[in-house]
Each structure stands twice: as C-alpha cells, then as structure tokens.
Amino acid sequence: MTLFDSPAFEGHEGVHAFFDEKTGLKCIIAVHSTARGPAAGGCRMWPYASSELALEDALRLSRAMSYKNAMADLELGGGKSVIIGDSRTQKTPALFEAFGRAVEDVGGKYWTAEDVGVSPADLMSARKHTRYVAGLEGHPAASGDPSPVTAEGVFRGVQLCVRRALNRDLDGVTVAVQGVGHVGAYLADKLHAAGARLILTDVNEEALREVAARTNAAVVTPAAIFDAEADVFAPCALGGAINADTLPRLHAKVIAGGANNQLADPEIGRALFERGILYAPDYVINGGGIINVAGEIRALERGEAFDAAWVDGKLARLTQTLEEVLDRSRHEARPTHEVANEMARARISGAAEKRAAA
Ligand code: NAD
C-alpha cells in the first residue's frame, strides 16, 4: 500500500511525518480538511507495530474528525496526530516538547488535544513550543473534562431516539449501558434521574458496583449485556460493540451511546436499519466532547475565558442535527450512518466551495 492508495487517505490535504533524533520522537500529523477551519483532533500515543499501521490510524482518525467536527457545526476541520511509542515506558517531557515543535511546524493548520496515551501534563510540555494546543489545565480558557458534556449530548440523543422509536419519554424505559467510565457513569446518572431503569456492565467491578448502587441499577456480566431485555442499548466502552456476533442477540429498538466506532463495519449499520433498530450515529451523538474542546480553542483564539453558554448552544444544535439525520433516514428509507456520512461530506465540500469562491 502506498499513501495515496490507502482507503483512509480520501482527499487528505496534508500528511506530515516528523522525526526528532534527540528524543526519538516519531510522529505523524494528518490534516484531512481545513475547509471549515483549522483541523482539530487529539494526539494518540500508541506502540504501533509498524509505521504503516500508525499512518493508517492517523488517516482514519483524521478523516473521522472532519466528519465529527462538521456534524457538530464547528468552524473546525479534521486532523489527528499519532506518536509511535509506548506511553507507559517511553514518555518524557522532552518528547512532548519535540511534538510541540512538530505541531508548530504545521503552521496553525492543526490544533492538538488529548487522546489515548496523552495527558494534560504532556500537552503542557508541547505548549512550550506551540500555541495550537487545547486541553490545558489551570488556564481561563481551559475546558476541563469533556465527559460530562459528551454524556449530556448522549443523554439528549437517547431521549430523542426513544421518542422517535418508542413514542414515549424516558420514564420507565429500560436502558442497558455498556461501560460506566467517564461518559457511561454520567449518562447513567442522567438516565436514572429521568426515570429510566438501568442494566449496567463494566469490566471494572468496583466502578460498576458504585454506579449501580447510586442509580438503583441491575448488574450483568460484560458478556451478558448484549442479551439484556432492554429498550435501549448504550455502548459506552470500546469500539466494535455492534458486530455479527452481538447483533442477533440485541433486544433493543434503539442503539445510542457515547463510544466511538460502535459499528464493526458499515454493513452492520445497514443490518440494524433492516431490522428496524434505530441507530444514533456514534460520531454525531457523542460530539459534545469535541464541542467542549472547540470552546477552549475559541477562547484561546479570542484571548477570552471559556464560555459554557456557547458550548451549550452548540450542544442544542447537535441534537437538532441528530434529529435531521433521523428525519432524512426515515424519509429516504436509508440507514442513519449513511445519511450522517453524506451530510458530513456535504458540509465539508460546501465549505471548500465557499472558500474557493471567496
Ligand atoms: P473510560 O475509559 O473512562 O470508560 C470506558 C469504560 O468501559 C471503563 O470503565 C472500562 O472499564 C469499560 N470497559 C472496557 N471494556 C469493557 C467491556 N468489554 N465491557 C464492559 N465495559 C468495558 O472512557 P470514556 O472517556 O468514558 O469513553 C468511553 C467511550 O466514549 C470511548 O469509546 C471513547 O472513545 C468515547 N468518547 C468519549 C468522549 C469523552 O468525552 N470522554 C467523547 C467522545 C467519545
């Protein structure tokens, strides 16, 4: 495979590879699109087995950020960076300073933030050499933990989907939540407060016990969550929860949760549609986190403090966008994930045309 033939390349504007001899930094910054604004997406540090796999991941994640940012109606494009290395053993402040220089070299076309293996402290090191860093701590523009905002967006999305698919509100509806980490725990609290009955699971038994106790929830093993007698399935753990093995076991009429990459492949999305299961496209319903980060970028760019009201306005808009996806899916008799992808591509190409005409 060469770069331009990769299925994940799909029109990337730029792909930048950096090597720093002194610190051993090997990093790729992929900029999928800046049509709507500077590309924004987190930095992932992962011990990729090859640079080809790192490149593939950077491209895939960067394109996904373009789609997510467009559907969240942000004036941001999509990008992502990956650092090849083990975050448990190979992290140093100097490595992240070198990463900061790499981000600076991209000249403001890419804003970085946290992702797997990267902490706020690492970002502070990067910030010594570039201002294009969000996810700061102790700064008036800092946006803090995005999880509550993500969970609020998911909660509103679940509410909307339940109204659409079951024609009722959340009171008495049974929701199976897979994963009660940052997003799942906040979501469980909100659902409980709205009168939903909960079935929870997590591989972390302590967290599971704690959240279940305060939300009066039933608890099942991680393997049994797919068989739960629930109206809604909310994946809030890792990707790929909906696959050929789990799909036939699901009872839910709605799938709506915070996890990224819930569908093992696009065909599963079509299978859900054909079974009459309403699926809230993951990158639309979980856009609250990036909206929160965008609030920080906006504050930094303007030299202002973080504005929670702006974030809330965007979150309200996100639920409207999800509603538009559901409407179009119904009217056009097409799966929701296909509609969402088409809308995202149209928003990006629309912005590119406007820019070209200006
Ligand atoms: P987290 O690590 O805090 O929570 C994930 C939870 O899932 C953990 O408690 C973990 O023990 C549990 N888990 C892992 N494997 C499991 C399994 N097989 N069965 C049941 N539970 C399992 O992560 P998070 O920040 O809550 O994110 C959850 C998901 O939402 C991820 O896919 C993430 O990419 C996505 N997401 C998060 C945000 C955010 O703001 N945090 C924003 C957008 C998307």
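Residues numbered from 1 in each chain as written. Predicted model: local features only at pLDDT ≥ 70, side-chain atom pairs only at ≥ 80, totals over all residues. Heavy atoms only, no water.

## Digging into the site of the ligand
With respect to spatial proximity, 18 residues lie near the ligand, and among them Thr150, His182, Val183, Asp202 and Ala237 are the closest. The contact in question runs from a nitrogen atom of the ligand to an N or O atom on the side chain of serine 147, over 3.3 Å. Residue histidine 182 places a side-chain N or O atom 2.6 Å away from an oxygen atom belonging to the ligand. If the ligand stood free it would expose 830 Å²; the protein chains cover 71% of that surface. (Near = heavy atom within 4 Å. Polar contact = N/O pair within 3.5 Å; in protein donor to acceptor, adjacent residues only side chain to side chain. Areas by Shrake-Rupley, 256 points an atom, 1.4 Å probe, with all protein chains shown as cover.)

## Observations concerning the state of the cysteines
Overall, the coordinates contain zero disulfides when judged by the stated rule. Cysteine cysteine 43 is unpaired, with the sulfur of cysteine 27 as its nearest cysteine sulfur at 6.6 Å. Of all cysteine sulfurs, the one in cysteine 236 lies closest to cysteine 161, which takes part in no disulfide; the gap is 13 Å. (Disulfide = S-S within 2.5 Å.)

## Remarks on the pattern of salt bridges
For the structure shown, the criterion picks out 28 salt bridges. Between aspartate 73 and arginine 36 there is a salt bridge, with its nearest N and O atoms 3.5 Å apart. One end of the pair, aspartate 73, is in the loop between helix 1 (51–71) and strand 5 (77–84); the other, arginine 36, is in the loop between strand 2 (25–33) and strand 3 (39–40), and 37 residues separate them in sequence. Residues glutamate 332 and arginine 334 are paired through a salt bridge, measuring 2.7 Å at the closest nitrogen-oxygen approach. For arginine 334, a relative accessible area of 18% translates into the label buried. Three or more residues are tied together by salt bridges with common partners; here these are Arg44, Asp57, Arg60, Lys80 and Asp115. (Salt bridge = Lys/Arg side-chain N within 4 Å of Asp/Glu carboxyl O. Helix = DSSP H or I, 4+ residues; strand = E, 2+ residues; numbered from the N terminus. Buried < 20%, exposed > 50% of the residue type's maximum accessible area, 1.4 Å probe, protein only.)

## Some points on the UniProt feature "active site" (unreviewed entry) in the chain
Residues annotated by UniProt as "active site" (unreviewed entry) correspond here to Lys80. Sequence-distant contacts of lysine 80, that is, excluding residues within four places in its chain, are made with Ile28, Ile29, Ala30, Gly41, Gly42, Ala58, Leu61, Ser62, Met65, Tyr110 and Asp115. (UniProt positions renumbered as here; feature names shortened; annotations may be inferred. Contact = heavy atoms within 4.5 Å.)

## Notes on the side chain of histidine 337
Turning to its location among the elements, histidine 337 is positioned in helix 11 (residues 336–357). Reaching out from histidine 337, the side chain makes a polar contact with the backbone oxygen of proline 266 at a distance of 3.2 Å.

## Overview of helix 6 (residues 205–215)
An α-helical turn contains 3.6 residues, so a residue and the one three or four places further along point in the same direction. Among the residues of helix 6, those classed as buried are Ala207, Leu208, Val211, Ala212 and Thr215. With its buried residues spanning 125° around the axis, helix 6 presents them on a single face. In helix 6, those exposed residues whose orientation departs by more than 90 degrees from the buried face are Glu205, Glu206, Arg209 and Ala213. Its buried side turned inward, helix 6 meets helix 5 (182–193), strand 8 (197–201) and strand 9 (218–219). Between the side-chain oxygen of the N-cap and the backbone nitrogen of glutamate 206 there are 3.2 Å, and the N-cap of helix 6 in question is asparagine 204. (Arc of directions from axis to C-beta.)

## Some details on the sheet that holds strand 11 (residues 254–255)
Read from one edge to the other, the open sheet built from six strands follows the order 9-8-7-10-11-12, with strand pairing classed as parallel. Edge strands, defined here as strands with exactly one partner in the open sheet, are strand 9 and strand 12 (278–279). Pairing between strand 8 and strand 9: two bridges, direction parallel. Across the sheet, the residue bridging to isoleucine 199 is alanine 218, located in strand 9. (Pairing = 2+ DSSP bridges.)

## A look at the packing of helix 5 against helix 6
The contact between helix 5 and helix 6 brings their axes to 10 Å, and the two run at 15°. Considered as vectors, helix 5 and helix 6 are oriented roughly parallel to each other. Every pair of crossing elements has a handedness; the one defined by helix 5 and helix 6 is right-handed. In this structure, helix 5 uses Ala185, Ala188, Asp189 and His192 to contact helix 6, whose residues at the interface are Val211, Arg214 and Thr215. Classifying every residue of the contact of helix 5 with helix 6 by side-chain character gives three nonpolar, two polar and two charged. (Axes fitted to C-alpha atoms, helices over the stretch in contact; angles between N-to-C directions. Parallel < 35°, antiparallel > 145°, perpendicular 65-115°, else oblique. Left-handed = near helix turned anticlockwise from the far one by under 90°. Nonpolar A, V, L, I, M, F, W, Y, C, P; charged D, E, K, R; others polar.)

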